[in-house]
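# Remarks on the overall topology
Listed here are the chains, written in short residue letters.
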Amino acid sequence: MLLIKRISYLRVSTDRAFVAKAGARRAGLAAAFVSLSLLAACAGRPGPEALAAINETTVQGASEHVILVASSRERDPNPGIFFNGERTTALNFARIDMTVPPTHKPGMVEIPRGVANPATDMTVREALYRDTPAQFSADLKAELARRKPGDRDVTIFVHGYNTLFSEALYRFAQMAEDSKQPGVPVLFTWASRGSVADYVYDNNSATAARDRLEETIRLVFDSGAENVTILAHSMGNWVTVEALRQIKISGKPIPQSKIENIILAAPDIDVDVFKSQLKRLGKPPKPFIVIVSRDDKALAFSDFIAGDKPRLGAYTNDQELVELGAVVVDMTKVKSLDEFNHGKFAQLAQMAPELRGMMAHARAKNSAFTLPEQTTIAGVEFVGADKLVPTLANASGNPGSSTAGTRQGAASASSGPSEAAAQSEGETSPQ
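Please read all numbers here as calculations on a predicted model, not as lab measurements.

### Section: the overall build of the protein
On a plain count of helices and strands, the protein comes out with 14 helices and 13 strands. Going through the 431 residues of the protein one by one, you find that 53% of them count as buried. Sequence separation of 24 or more characterises 79% of the internal contacts of the protein that already satisfy a separation of 6 or more. Taken as a whole, the protein presents about 18,600 Å² of accessible surface, with 55% of it coming from carbon and sulfur.

Structure follows, in structure tokens:
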């Protein structure tokens, strides 16, 4: 009898502890959800006027960018929305001509408020739907033909969770401007509803978009592009790695020699899932570049609702990732321009020209030049950095750049993305 009472007591105590722990987890989840919701509300995002207010005015000093779009989103008939957050079963396409103002600050997105002013705002000059893959391919080939040999590259950007179409578009324009990458920007935008509350919907949308992204990747590789870089952010990494896995097992590979970089920024992927994906993909000929930050609040939220399983973008075992075939870019010590600490990757874009120039110049002087396995530049820590040098040098396109140019690049890199200009009204930090 005493044993039965003791067992009953332990059972009740355990149940109470479980209930208390579950309650604490629910309270923590609610607090995290409210916090993220409030931060999202304060961050500012493009309104309907961002795409509705077409302005063809030319301003001296403004940069022009043509962004080609492939999307698993539904077209929206309302002015300024263009693509909404609902899913389609076939790709939609578009061509967007944009300008970035001469007053642009690295890392920032100058969102128009009301009538767009190309002197101070990122501005849409023209937005056109394309009806078929053939039209998209024709646009892409035309853009590649406008560039000189050596610059006929493509960068595919895959955005993350809680992202409106307009947000992804403006963010990509910022990165294209800051990186000075001469290639053609292609935005793959999947059906995110752009709401913190729709995490599960967005995750399912990303999964549903795998075939559409694979189709987009194949269209890009068939275009005659010399090199292709794929940059994915947050939940966009899930659809990206899944699409690459599908290509691997399809028996119809894409030419590995044309893959410049695969960059996984703040990846919202369960680490165990990522390891299983890599087993199928195999060790890549060029290492994945994984951008992490241990203070990422959005990934902490994902970690929490996923049962305390670590997300790849906040993983702490850099060496394990290197052994799996990755270069880890740790931005934990970089001051973020957003309160989530989730968009630091966009700040890294401004370092790209300087990094390419420095590495190319060093290799031009010394063909045996390599970085140490671990190195820090402007507060950004690179682990597995010795694998980065050929990639960055090849991406430069100007190995004979002047010593003066290299010194200037080094000075700029030393200031780093952590010292980018502060946010002001009409601008938004990385999402």
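### Describing helix α5 (residues 199-208)
When we look at burial in α5, the residues that qualify are Y199, Y201, D202, S205 and A206. Down the axis of α5, the sector holding all buried residues measures 160°, keeping them to one side.

### Remarks on the side chain of S205
Structurally, S205 can be placed in helix α5. Judged by relative accessible area, which is 2%, S205 ranks as buried. Within the structure, S205 has its side chain in polar contact with the side chain of R87 (distance 2.7 Å). With near-sequence residues (within four places) excluded, S205 lies in contact with R87, W190 and A191.

### Some details on the packing of aromatic side chains
All told, the structure shown has eight aromatic pairs when counted by the stated rule. Between the aromatic rings of F82 and F165, the centroid separation amounts to 6.0 Å while the plane-to-plane angle is 15°, which identifies the pairing as stacked. Pair noted here: F82 is in the loop between β1 (63-75) and β2 (83-100) and F165 is in helix α4 (residues 165-179), with a separation of 83 residues, a long-range link. Pair check on accessibility: F82 and F165 agree, each one buried. Taken together, F82, F83, Y129 and F165 form an aromatic cluster joined through their ring pairs. One Lys or Arg, R87, reaches over the ring of Y201 and ends 4.2 Å from the middle of that ring. The ring centre of Y201 lies 3.6 Å from the NZ or CZ of R193, which sits over that ring.

### Here's the deal with the packing of helix α7 (residues 236-250) against helix α8 (residues 271-281)
Direction vectors running N to C along α7 and α8 enclose 25°, while the axes themselves pass 9 Å from each other. By the criterion of interaxial angle, the relationship of α7 to α8 is roughly parallel. The way α7 lies across α8 gives a crossing that is left-handed. Residue-level contacts link W238, V241, E242, L244, R245, K248 and I249 of α7 to V273, F274, Q277, R280 and L281 of α8.

Analysis parameters
Residues numbered from 1 in each chain as written. Predicted model: local features only at pLDDT ≥ 70, side-chain atom pairs only at ≥ 80, totals over all residues. Heavy atoms only, no water. Helix = DSSP H or I, 4+ residues; strand = E, 2+ residues; numbered from the N terminus. Buried < 20%, exposed > 50% of the residue type's maximum accessible area, 1.4 Å probe, protein only. Contact = heavy atoms within 4.5 Å. Areas by Shrake-Rupley, 256 points an atom, 1.4 Å probe, with all protein chains shown as cover. Arc of directions from axis to C-beta. Polar contact = N/O pair within 3.5 Å; in protein donor to acceptor, adjacent residues only side chain to side chain. Phe/Tyr/Trp six-rings, centres within 6.5 Å; stacked < 30°, edge-to-face > 60°. Lys NZ or Arg CZ within 6 Å of the ring centre and 35° of its normal. Axes fitted to C-alpha atoms, helices over the stretch in contact; angles between N-to-C directions. Parallel < 35°, antiparallel > 145°, perpendicular 65-115°, else oblique. Left-handed = near helix turned anticlockwise from the far one by under 90°.

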